[in-house]
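Breakdown of the fold
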Amino acid sequence: MEKRVTFRGWVLPLLLIAPQVLVSAVFFFYPAAQAIWQSLFIPDPFGLSAEFVGLGNFEFLLSDRYYRASFLTTAIFSVLVTLCSMVPALFLAVVADRLIKGSGLYRTLLIWPYAVAPAVAGVLWMFMFNTRVGVVSWYLGQLGYDWNHVLNDGEAMGLVVVASAWGRISYNFLFFFAALQSVPRSVIEAAAIDGAHFWRRFFGIVLPLITPTAFFLLVVNVVYAFFETFGVIHTITSGGPQQATTILVYKVFSDGFVGQDLGSSSAQSVILLFVVGLLTVIQFKYVEKKVHY
Amino acid sequence: MAQSHGMVERRGAGLWLSHVIMICGVLLVFFPIWLAFVASTVTQPEIVRPPMPLLPGEHFWENYKAALFAGVNVPVLQMLFNSLVMALGIAVGKIVISLLSAFAIVYFRFPGRTTFFWMIFITLMLPVEVRIVPTFEVVAGFGMLNSYAGLIFPLIASATATFLFRQFFLTIPDELAEAARVDGAKPMRFFIDIVVPMSRTNIAALFVILFIYGWNQYLWPLLITTDPSMNTIVMGLNQMFPSGDDVAEWPVIMATSILAMVPPIFVVVSMQRLFVRGLVDSEK
């Protein structure tokens, strides 16, 4: 879609677009190009010179046991975060949708965690499950369960998943609730008159109608789990124990800033660029479809 | 209306069950925040000898005063100020540069327009998390470490805001631009008198989302603010934990975590309508 009526001149528009183009060039394109360039070299330990290795960094990464493990960790983490944030949100939205009064109040109360930063959410959950002072871990101890996410891989993963999914329940609830409210009452009532009970109506009519929203949320939540959960992992586990919660983004940070392995970190950035590109394309493909509905 | 509801909504026991489920859901979701609040009102010995109480204590002022004016590395008041500058800088900056570039793209035909459009589009795909090392080097090269400029500028380019404004500008009736042109109005007059006032709801909705985005940044401040007096509250909170075997000062830390949550929660709840609308719009 284009405007029919436009203004003349080309100096003014160039000036108007300049700030955004400049910021993008300096802080987006140059660093991205730099990442691609650096990924082709291995710097010497003193950072004085670098040896060109072509795709050597990538070859090394893809054969590296730890990097492949990190891919798997990221996949497991993303699937779990997406499930743990979408299923409870859909359930609550379905229940709230059936209420005539009060759903607005519940929505206001459920919105809160969305505003909490992932890094702060990490501190809250770490406090609850702290091995020394945590309330939940203490009560688990009373029940005979010895909680220790500092040593146990599975418990560490469980904790970062729940802490990451927590704030997203609000987000997903808002979208599911809005989608459910826009399902035409007349359709549901017609089914009800035909004798379809609640679950029949839900799976037969409502669920197909909100599938676009669900698919959209699926993509958005995967993107969130990939790129925005750094704060949760850094505050709770720092990627441990033994890299059990080191997702790809965390590894870029720990190899690049902690380990100072610039070549490998840049190569990882480049691989992540492809992942983001892929996810963005999926997202836009889907948005295209939604426009045609 | 009431009658048509009766067909599909629950009544009696079913209705009560729905409310019970919602209340349980809200309580479960709230529990971590509640516990942090309780911890910020009790004393250190009450926390380190578990189980800690589940109802607030009497040390609210004491703990919050200690956090705000003394903190651990730096007074929390300073970190709150830094977060405010960063969040406002990012929100206002993104909105201004996006309004300008969207106006240029929609209302002008100029050389390189398509190229610039795609250039902005591609930035959608480059979250700061994937380009941290080189971006850090650029910012260090400009001497912007430990500065507000370094906190704000790398996060300020936003394709999302540009697209949102572009979408909206396309819906502004052509007659308005035509009338302005016939009257001999300069493009910038049209922009300031017509386009910006018409966009105010979108601007407000976007402001809520961008303010929270800026306030909740963690990785970027962590990398570029080595000086504690430049820490933002969200990253500074995690710096309050001692390294090694020292015991964390839990009441002060949890008071800080509450202080870190209050501004974004206040913004979201008080501007709920705008926020929900902005969220649904900007994710489309």
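Residues numbered from 1 in each chain as written. Chains lettered and ligands numbered in written order. Predicted model: local features only at pLDDT ≥ 70, side-chain atom pairs only at ≥ 80, totals over all residues.

This paragraph deals with the overall build of chain B. The helix and strand inventory of chain B stands at 16 helices and zero strands. Expected size for 284 residues packed as a compact globule is a radius of gyration near 19 Å; at 24 Å, chain B overshoots this value by more than 25%. Here the C-alpha coordinates of chain B stretch approximately 75 × 70 × 30 Å along the principal axes. By the burial criterion, 44% of the 284 residues in chain B qualify as buried. (Helix = DSSP H or I, 4+ residues; strand = E, 2+ residues; numbered from the N terminus. Rg over C-alpha atoms; globule rule 2.2 N^0.38 Å. Buried ≥ 20, exposed ≤ 12 C-beta atoms within 10 Å, placed from the backbone.)

What follows concerns the confidence of the model for chain A. As a note on interpretation, predicted positions should not be read in detail where pLDDT is low. On average, chain A scores 86 in pLDDT, and the residues at 70 or more come to 96%. Ignoring residues within four places in sequence, the model shows residues 288–293 of chain A, a span with pLDDT below 50, making two contacts including any to other chains. (pLDDT = per-residue confidence, 0-100. Contact = placed C-beta atoms within 7 Å.)

The next thing to look at is the domain arrangement of chain B. Residues and elements named next belong to chain B. Partitioning chain B into domains gives domain 1 (2–66) and domain 2 (76–282). Here the C-alpha centroids of domain 1 and domain 2 sit 32 Å apart. Each partner contributes residues to the interface: domain 1 has 14 residues there, and domain 2 has 10 residues. Mapped by element, the contributors of at least two residues to the side of domain 1 that touches domain 2 are helix 2 (13–39), helix 3 (44–48) and helix 4 (60–69). Ranked by the residues each element gives to the side of domain 1 that touches domain 2, the list is headed by helix 2, at four residues. Counted by class, the side of domain 1 that touches domain 2 contains nine nonpolar, five polar and no charged residues. (Domains from an automatic or database assignment. Nonpolar A, V, L, I, M, F, W, Y, C, P; charged D, E, K, R; others polar.)

With that settled, the discussion passes to helix 7 (residues 132–141) of chain B. Turning to helix 7 of chain B, its buried residues number three or more, namely B:Ile132, B:Val133, B:Pro134, B:Thr135, B:Phe136 and B:Val139. B:Gly143 sits one or two positions beyond helix 7 of chain B and adopts a positive phi of about 70°.

Counting residues in hydrophobic clusters, the biggest one holds 157 residues, and the most contacted among them are A:Val120, A:Val249, B:Phe103, B:Val208 and B:Val234. Counting only domains with at least three residues in this core, you end up with domain 1 (2–66) and domain 2 (76–282) of chain B. (Core = buried A, V, L, I, M, F, W, Y, C linked by C-beta atoms within 7 Å.)

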